[in-house]
Amino acid sequence: DIVTRHWAKYGRNYYCRWDFEGVDKVSATAMVDKMRSETASNTGKVIGKYTIATADDFTYVDPVDGSVAKKQGLRFLMADGSRIIFRLSGTAGSGATVRMYIEQYEPNILDTPVSEALEELVTVALGLCDIKSFCGTETPTVIT
């Protein structure tokens, strides 16, 4: 199998996205604003086996026309290369959607189910955002 050989040679990136659809927009915005206000204090913080090397609010600069799009996602970049990203979408008429992206590289652990491989990092992410307090749930409507 091509993928298995690739992982054996280069390691594996585990990835998942949790969507919380239809949450209250005011509550979701308050949650994101709180995380945004804590980026400086979270940088350098140790949570379990993870150290947050950088916490920031991503700004995209288009390389072609130089246009700038601010507040494109809150990033928690770990010292080991793992990352947690939160994005808020509020364009739907039925509330807001919070997207939580989780990614972690494993050089040797290749055959673990994604949910198990990312379990500790997901727990860290849920603690950082405190979505249960703000939005009343930490159960996603969709996991991809």
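Look up a bit, the structure's there.
Residues numbered from 1 in each chain as written. Predicted model: local features only at pLDDT ≥ 70, side-chain atom pairs only at ≥ 80, totals over all residues. Heavy atoms only, no water.

**Student:** Before we go on, may I ask you to explain the side chain of serine 82 in this structure?
**Tutor:** Residue position: serine 82 is located in the loop between β6 (74-78) and β7 (83-89). Those residues in contact with serine 82 that sit more than four places away from it in its chain are Tyr50, Phe76, Leu77, Glu103, Gln104 and Leu121. (Helix = DSSP H or I, 4+ residues; strand = E, 2+ residues; numbered from the N terminus. Contact = heavy atoms within 4.5 Å.)

**Student:** What is the right way to look at the side chain of glutamate 106 in this model?
**Tutor:** Its location among the elements puts glutamate 106 in strand β8 (residues 96-106). No salt bridge is formed by the buried glutamate 106. Its closest oppositely charged neighbour is lysine 49, at 4.7 Å. In this structure the side chain of glutamate 106 is engaged in a polar contact, spanning 2.7 Å, whose partner is the side chain of glutamine 104. If sequence neighbours within four positions are ignored, glutamate 106 has contacts with Gly11, Arg12 and Tyr14. (Buried < 20%, exposed > 50% of the residue type's maximum accessible area, 1.4 Å probe, protein only. Lys, Arg positive; Asp, Glu negative; His and termini not counted. Salt bridge = Lys/Arg side-chain N within 4 Å of Asp/Glu carboxyl O. Polar contact = N/O pair within 3.5 Å; in protein donor to acceptor, adjacent residues only side chain to side chain.)

**Student:** Any chance you could explain helix α5 (residues 119-129) here in plain terms?
**Tutor:** Each turn of an α-helix holds 3.6 residues, which means side chains three or four residues apart point in the same direction. Every buried residue of α5 is accounted for by Leu121, Val122, Val124, Ala125, Leu126, Leu128 and Cys129. Where α5 terminates, the next one or two residues include aspartate 130, which has phi positive at roughly 55°.

**Student:** Would you mind showing me how to read the packing of aromatic side chains here?
**Tutor:** Geometrically, a pair of aromatic rings is defined through the distance of the ring centres and the angle of the planes. For the coordinates displayed, the defined rule picks out 2 aromatic pairs. Here tryptophan 18 and phenylalanine 20 contribute two aromatic rings whose centre-to-centre distance is 6.3 Å and whose plane-to-plane angle is 55°, an arrangement assigned as tilted. For arginine 12, the ring lying beneath its charged end belongs to tryptophan 7, and the centroid distance is 3.9 Å. (Phe/Tyr/Trp six-rings, centres within 6.5 Å; stacked < 30°, edge-to-face > 60°. Lys NZ or Arg CZ within 6 Å of the ring centre and 35° of its normal.)

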